[in-house]
Amino acid sequence: MRRDRYDNQITTESDAARDHYVMGVDRVLSGAADMATPFEAAIAADDKFVLGYSGLARALALSNDMSRAKAALAQAIKVSNGATTRELSHLNVMRLQFEGQAAKALVALKEHVASYPRDAIIVGLSTGVFGMIGFSGHKGREAELFAFTSMLAPHYGEDWWMLTQHAFSLCEVGKLAEAGKLVERSLTIKRDHSHAAHVRSHVYYEAGNLTDGIRFLENWMPGYSRAGMMHGHLAWHVALWALEQGDMDKMWAWVDEEVKPDASIGLPINMITDTASILYRAELAGQVVDPVRWQHISEYASKAFPRVGNSFVDMHAALAHAMAGRQDELADYVDAAKGFAADVVQDCAKAFEAIRRQDWASATTALSKALVDGARLGGSRAQRDLLEYSLVNVLLRQGKGEEAERIIGLRRPLRAHGVH
Ligand SMILES: [Fe+2]
């Protein structure tokens, strides 16, 4: 029996398998490129290594290779005779998630981490804004995530990964000073950690610190592989800041080279949400966006996400279809939204449809409803700013400047008053 870097027992008698496994886990946890290779090497060293296969499944899932990921998980289950109780519970959480049984998977995950708080791969299924809690649709899910990582953080000490995960939870409930300290510590321990660079960027964003934010990311990114899973999304952060600076050439360069689907080599969920988002935020900032861009992202949404269901994706797909004037595609979200925050998606889709018709009053009503608990959509505050700014925009178009200021003051006080 060997142990992983978090001191969990792992069923293998091979030191080589263990070493490759630890490397694979670290690549997954840091969002590094080429996550699968170390797990493949671990399995080559021990073809009965259960967590080697399940680690490979996780790595492939994060690379959007779901058919091979499912095959790897099936193989893990197949060779799991003789696995420990933790490993069997680990596999059970993974299986439920792969089968799309989100609610059961989250219950199983919480039970698992109560016994095995340092099983970082499993904990990591539920941290961040795209994890099982982020995409649960639960009311109060930002507080739920904060409670989750607050409970786990003491088990990890100065571990670079957990410092970052907890920092993101802190950031999303507005505890920016604490978040900044934790993520700085994480970056000091491990600089080549894309999730830390990401959370550092979010803390700068929430603090309204554009200058330091864009400087930090532009310094950090050259050392990060384009094949890394966070590359495209970090590029979106740079593009957003470039937009805020009014540097449109820089913004379009990042969008066209690193964010949009035919340029980025990142995850489809980032390509659709980040591209639709930056196009609309450019429009909100008064830029003219070529309609061809909306056509492209709308068509990509239909191709990459043919089934409605992930509310965060769906909100952005509805935006893309509305702006592209593709009414039939938009109808799926207005009339038949499904998924963990279907009601919020429906309000967003109605709002974008109204915006397309320049029916500002209807857009105001729908956006106001969507914003009652927009966090249920998942994603970060920075991403969901899209909705707040859309509401402000439709109010301004109706000459309701005071109301718009009040919305910003209530929802984004730092921007309005310089306070959190
Ligand atoms: Fe982000």
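Because the structure is predicted, anything quoted here is derived from the model rather than measured. Position labels on residues start from 1 in each chain and follow its written sequence. Totals for whole chains, interfaces and linings use all residues, but because this is a predicted model, local features are given only for residues with pLDDT of at least 70 and pairs of side-chain atoms are given and counted only at 80 or more. Working from all heavy atoms in the structure, the side-chain values ignore hydrogens and water.

### Focus: the domain arrangement of the protein chain
Worth spelling out the cut-off: Domain boundaries shown here were taken from an automatic or database domain assignment. Accessible area, probed at 1.4 Å, shrinks when two parts are joined; the buried area is that loss added up over both. A side-chain nitrogen of Lys or Arg and a carboxyl oxygen of Asp or Glu constitute a salt bridge if their distance falls within 4 Å. Any pair of nitrogen or oxygen atoms within 3.5 Å is treated as a polar contact; in protein, a donor-acceptor pairing is required on top of that, and neighbouring residues in sequence qualify only through side-chain atoms on both sides. In this classification, Asp, Glu, Lys and Arg are treated as charged, Ala, Val, Leu, Ile, Met, Phe, Trp, Tyr, Cys and Pro as nonpolar, and every other residue, Gly included, as polar.
Along its sequence, the protein chain is organised into domain 1 (2–152) and domain 2 (227–417). Centre-to-centre, using C-alpha coordinates, domain 1 lies 31 Å away from domain 2. Summing the contributions of domain 1 and of domain 2, the shared interface buries around 1400 Å²; its carbon and sulfur component is 62%. The interface formed by domain 1 and domain 2 holds two salt bridges in total. With a closest N to O distance of 3.1 Å, R384 and E142 form a salt bridge. Between the two partners, domain 1 and domain 2, sit five residue pairs in polar contact (both at pLDDT 80 or more). Its residues placed into classes, the side of domain 1 that touches domain 2 shows seven nonpolar, eight polar and three charged.

### A closer look at helix α13 (residues 231–245)
Stated formally: In DSSP terms, a helix is any run of H or I states spanning at least four residues, a strand is any run of E spanning at least two, and both are numbered starting from the N terminus. The span expected for a helix works out to 1.5 Å for each residue beyond the first. Note on exposure labels: buried denotes an accessible area under 20% of the residue type's maximum, exposed denotes more than 50%, and partly exposed covers the range between, all computed with a 1.4 Å probe on protein chains only.
Across its 15 residues, α13 extends 21 Å between first and last C-alpha, which sits within 8% of the 21 Å expected from 1.5 Å per residue. Across the 15 residues of α13, 13 count as buried, placing the element largely inside the fold. Immediately downstream of α13, the backbone of G246 shows phi near 80°, a positive value.

### Comments concerning the coordination of the iron ion
Let me state the cut-off plainly: Shown as donors are all N, O and S atoms within 2.8 Å of a metal ion, widened to 3.2 Å for Na, K and Ca; because water is not in the atom set, sites may appear incomplete. Between 85 and 135 degrees for all angles marks four donors as tetrahedral; over 155 degrees for opposite donors together with 65 to 115 for all other angles marks four donors as square planar and six as octahedral; every other arrangement is irregular.
Coordination sphere of the iron ion, protein contribution only: H198 (NE2), H202 (NE2), H233 (NE2) and H237 (NE2), at 2.1 to 2.2 Å. Geometry at the iron ion is irregular, judged from the four donor atoms that bind it and their angles of 87 to 173° at the metal.

### Re the side chain of S201
Selection criterion: By the convention used here, residues are in contact when the closest approach between their heavy atoms is within 4.5 Å.
Positionally, S201 belongs in helix α11 (residues 194–206). Classification of S201 as buried rests on a relative accessible area of 0%. Beyond its immediate stretch of four places on either side in the chain, S201 contacts F216, L217, L234, H237 and W241.

### Observations regarding unusual backbone geometry
With a phi close to 70°, D7 is a non-glycine residue in the positive phi region. With respect to the helices and strands, the residue D7 is situated in the loop between β1 (2–3) and β2 (9–10). Unusually for a residue other than glycine, D34 sits at a positive phi of about 55°. Mapped onto the elements, D34 comes out in the loop between α1 (15–30) and α2 (36–45). The partly exposed category is assigned to D34, whose relative accessible area is 44%.

### Brief notes about the pattern of salt bridges
For the structure shown, the criterion picks out 32 salt bridges. Between R18 and D19 there is a salt bridge, and its shortest N-O distance comes to 3.2 Å. Judged by its relative accessible area of 24%, R18 falls in the partly exposed class. As a salt-bridge pair, R226 and E258 come within 2.8 Å of each other at their nearest N and O atoms. One end of the pair, R226, is in the loop between α12 (210–220) and α13; the other, E258, is in helix α14 (residues 248–259), and 32 residues separate them in sequence. Under the relative-accessibility criterion, E258 is labelled buried at 13%. Salt bridges linked by common partners bring D385, E388, R411 and R412 together as one network.

### Comments concerning the packing of aromatic side chains
The cut-off we apply is this: Any Phe, Tyr or Trp ring, taking Trp's six-membered ring, that has another such ring centre within 6.5 Å forms a pair; planes under 30 degrees apart are called stacked, those over 60 apart edge-to-face, and the others tilted.
Going through the model one piece at a time under the given rule, you end up with twelve aromatic pairs. Ring-pair connections join several aromatic residues into one group, and the members of that group are F130, F135, F312 and F340.

### Structural notes on the nonpolar core
Note the threshold: Nonpolar core, defined: a set of buried Ala, Val, Leu, Ile, Met, Phe, Trp, Tyr and Cys residues in which side-chain atoms within 4.5 Å join the residues together.
Counting 151 residues, the largest nonpolar core has L109, W161, M251, W294, F352 and I355 as the members making the most contacts within it. Among the elements that take part in this core, helix α17 (residues 311–324) stands out by supplying ten residues, more than any other. Residue-level mapping places this core at the junction of two domains, with at least three residues from each of domain 1 (2–152) and domain 2 (227–417). Leaving out residues up to four positions away in the same chain, I355 has contacts with Y280, M323, W360, A363, L367 and V394.

### Concerning the side chain of T273
The residue T273 is located in helix α15 (residues 268–284) in this model. Look at T273 and you get buried, because its relative accessible area is 1%.

### Some remarks on the packing of α17 against helix α21 (residues 381–397)
Here is the rule we go by: Only C-alpha atoms enter the line fits that serve as axes; for helices the fit covers just the stretch in contact. Angles between N-to-C directions range over 0 to 180 degrees. Put simply, angles under 35 degrees are roughly parallel, angles over 145 are roughly antiparallel, angles from 65 to 115 are roughly perpendicular, and the rest are oblique. Crossing handedness is defined as follows: a turn of the near helix away from the far one that is anticlockwise and smaller than a right angle gives a left-handed crossing, while the clockwise case is right-handed.
At a minimum axis distance of 12 Å, the contact between α17 and α21 shows a crossing angle of 40°. With respect to their mutual orientation, α17 and α21 come out oblique. When you trace α17 past α21, the crossing you get is left-handed. Residues F312, M315, H316 and L319 of α17 pack against Q383, L386 and L387 of α21.

### Quick word on the packing of helix α19 (residues 342–356) against helix α20 (residues 360–370)
Closest axis-to-axis distance for the α19/α20 pair is 8 Å, and the angle between their directions is 160°. Considering their axes alone, α19 and α20 lie roughly antiparallel with respect to each other. Handedness of the α19/α20 crossing: left-handed. Between α19, through V344, D347, C348, K350, A351, A354 and I355, and α20, the contact on the second element is made entirely by W360, S362, A363, A366, L367, K369 and A370. The class makeup of the residues in the contact of α19 with α20 is ten nonpolar, one polar and three charged.

### Details of the environment of T127
Structurally, the position occupied by T127 is in the loop between α7 (120–123) and α8 (141–152). Remark: the alpha-carbon pair of T127 and Q165, spanning 38 residues in sequence, is separated by 6.4 Å. Every residue in contact with T127, bar those within four places of it in the chain, is listed here: L145, F148, T149, W161 and Q165. At 2.9 Å, the side chain of T127 and the side chain of Q165 are in polar contact.

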